[in-house]
Amino acid sequence: GFSAANRLTRPINLFLKRCIDLGLLLIFSPIVIPLMLLISILVKCTSKGPVFYGHKRIGKNGKTITTWKFRSMVVDADKRLKELLENNPEIKKEWEENQKLAHDPRITSIGKFLRKTSLDELPQFFNILIGQMSFVGPRPVVEAERKKYGDKFRYIFSVTPGLSGMWQI
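The rules behind these values
Residues numbered from 1 in each chain as written. Predicted model: local features only at pLDDT ≥ 70, side-chain atom pairs only at ≥ 80, totals over all residues. Heavy atoms only, no water. Axes fitted to C-alpha atoms, helices over the stretch in contact; angles between N-to-C directions. Helix = DSSP H or I, 4+ residues; strand = E, 2+ residues; numbered from the N terminus. Contact = heavy atoms within 4.5 Å. Polar contact = N/O pair within 3.5 Å; in protein donor to acceptor, adjacent residues only side chain to side chain. Buried < 20%, exposed > 50% of the residue type's maximum accessible area, 1.4 Å probe, protein only. Lys, Arg positive; Asp, Glu negative; His and termini not counted. Salt bridge = Lys/Arg side-chain N within 4 Å of Asp/Glu carboxyl O. 1 Å grid on protein atoms, 1.4 Å probe; cavity = no way out; pocket = protein on both sides within 12 Å on 5 of 7 lines; lining within 4 Å. Points joined across faces, edges and corners; volume = space filled by probe spheres on them. Nonpolar A, V, L, I, M, F, W, Y, C, P; charged D, E, K, R; others polar. Phe/Tyr/Trp six-rings, centres within 6.5 Å; stacked < 30°, edge-to-face > 60°. Core = buried A, V, L, I, M, F, W, Y, C linked by side-chain atoms within 4.5 Å.

1. Regarding the packing of helix H2 (residues 77–87) against helix H3 (residues 89–98)
Put simply, H2 and H3 touch, their axes get as near as 5 Å, and they point 115 degrees apart. For the pair formed by H2 and H3, the contact residues are Leu81, Leu84, Leu85 and Asn87 on the first element and Pro89, Ile91, Lys92 and Trp95 on the second.

2. Describing H3
At 3.6 residues per turn, the α-helix brings residues three or four places apart onto the same side. For H3, the N-terminal cap is Asn88; the gap from its side-chain oxygen to the backbone nitrogen of Glu90 is 3.0 Å. Looking at the residues trailing H3, positive phi occurs at Gln99, about 60 degrees.

3. Here we look at the side chain of Arg71
Positionally, Arg71 belongs in the loop between strand S2 (64–70) and H2. This buried residue, Arg71, is left without a salt bridge; Asp76 holds the nearest opposite charge, at 8.3 Å. Within the structure, the side chain of Arg71 is placed 2.7 Å from the backbone oxygen of Met73, a separation counted as a polar contact. Contact partners of Arg71, with chain neighbours within four places excluded, come to Val43, Ser47, Lys48, Gly49, Pro50, Val51, Phe52, Tyr53 and Thr108.

4. Remarks on the layout of surface pockets
Approximately 1,800 Å³ is the volume attributed to the largest pocket. Around the largest pocket, the lining is made up of 50 residues, and of these His55, Arg57, Lys69, Val142 and Glu145 lie nearest the centre. Of all the elements in the fold, those that place two or more residues in the lining of the largest pocket are strand S1 (52–58), S2, H2, H3 and helix H6 (153–156). The element best represented in the lining of the largest pocket is S1, accounting for four residues. The class makeup of the residues in the lining of the largest pocket is 26 nonpolar, nine polar and 15 charged.

5. Concerning the packing of aromatic side chains
Each aromatic ring pair is summarised here by two numbers: the centre-to-centre distance and the angle between the ring planes. With the rule as written, the count across this model stands at six aromatic pairs. Between Phe125 and Phe135, the ring centres sit 5.4 Å apart and the planes meet at 80 degrees, which makes this aromatic pair edge-to-face. Of this pair, Phe125 sits in helix H5 (residues 124–129) while Phe135 sits in strand S3 (residues 134–136), and the two are ten residues apart along the sequence. Exposure remark for Phe125: the relative accessible area of 13% places this residue in the buried category. You can call Phe135 buried: its relative accessible area is 11%. Among the aromatic residues, those joined into a ring-pair cluster are Phe52, Phe70 and Phe126.

6. Looking at the nonpolar core
By size, the foremost hydrophobic cluster in this structure holds 17 residues, and its most contacted members are Ile39, Val43, Phe70, Leu114, Leu122 and Phe125. The set of elements that each furnish at least two residues to this core consists of helix H1 (11–46), S2, helix H4 (109–117) and H5. It is H1 that provides the largest number of residues to this core, a total of five residues. Each residue touching Phe125, except ones within four places of it in the same chain, is listed here: Leu25, Phe28, Val32, Phe135 and Leu163.

7. What about unusual backbone geometry?
One can expect most non-glycine residues to show negative phi and most peptide bonds to be in trans. Residue Asn61 is not a glycine yet carries a positive backbone phi of 55 degrees. Mapped onto the secondary structure, Asn61 falls in the loop between S1 and S2. The residue Ser118 is not glycine, and still its phi comes out positive at about 65 degrees. For Ser118, the location among the structural elements is in the loop between H4 and H5.

See the structure below:
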């Protein structure tokens, strides 16, 4: 049979991975900082509300972290979703099956572009900077997704979650 050892819990490997994360942040910062400033201005100018959106996710060892994104939806998105689901059975069915809508009317004009290009996730560089996330690791999940991992949850989330996953790389 095959077995795998989780070497990312060893202190030296944790230290090296953290050094790589900080090094990549330093290398990318001359490009990312001006880009984030531009996106911040675009988000603020195209819709009312805050520039960033914080979402509670599960991080390393099951601890709750706030992952940051550029806001890509209208401010009252939760209220609008509730109304959509109450008034449209087709949309409700789509939401229950996928937990997302193919043509979500709550997404702002700039939000569509940010999501399509994944630029909405650039603020997660802050999560990497403070050590809550890494560039590579399991994607942080919401509490409702914990059960999907079954008895492997503790193993998978014994490491720092990542901006990108292994399968994406």
